[in-house]
Amino acid sequence: MGELNMTNKIKNNQSNQGQIAIIVLLASAILLTLGMSASRKTVTDTKVDTDEELLKEAFNTAESGINNYLLNIILNIILVMVIVPSSVLYLSVMLTVLLLKVKFHPILLNYFG
């Protein structure tokens, strides 16, 4: 009887070890899935932040180019007004309209303000 009892304990112990191994495996899989999900979210957030910065930089560069172009037009109009006095009235009207369209951008105010 003692031998049979010992054999049952060994079988139960081996069965418990198998159950524990399965539980540990499932817990590891769940933790790995959560870790990979958090990692993917972090990578996505970083990419979005980088894209936003690049868009802001591109917008600022484009705006700077437009302002530079408008400033060159205004300075050329003033130069023609000085060189060709007969065109002063026509060009002064053009200059006024252009300045109103630009709404006295801060860059232009540095030159004319």
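Here the residue numbering is sequential within each chain, running from 1 through the sequence in written order. At least 70 in pLDDT is required for a residue's local features to be given in this predicted model, at least 80 for side-chain atom pairs to be given and counted, and no such filter applies to totals for whole chains, interfaces and linings, which use all residues. Where side-chain values are given, they derive from all heavy atoms of the structure, hydrogens and water being excluded.

(A) How the structure looks around the pattern of salt bridges. What makes a salt bridge here is a side-chain nitrogen of Lys or Arg within 4 Å of a carboxyl oxygen of Asp or Glu, nothing more. In total, this model carries two salt bridges according to the counting rule given. In this structure, the salt-bridge partner of Asp-45 is Lys-41, at a minimum N-O distance of 3.2 Å. Placement of the pair is Asp-45 and Lys-41 together in helix α1 (residues 2-83), with a separation of four residues, close to one helical turn. The buried label applies to any residue whose accessible area, calculated with a 1.4 Å probe on protein chains only, is under 20% of its type's maximum; exposed applies above 50%, and partly exposed to all values in between. Assessed through its relative accessible area of 35%, Asp-45 is described here as partly exposed. Between Lys-47 and Asp-51 there is a salt bridge, with the nearest N and O atoms lying 3.2 Å from each other. Here Lys-47 pairs with Asp-51, and both are found in helix α1, just four residues apart, close to one helical turn. Under the relative-accessibility criterion, Asp-51 is labelled partly exposed at 33%. Elements are defined by DSSP. Helices are runs of H or I of four residues or more, strands are runs of E of two residues or more, and each kind is numbered from the N terminus.

Keep in mind these numbers describe shape, not what the thing actually does.
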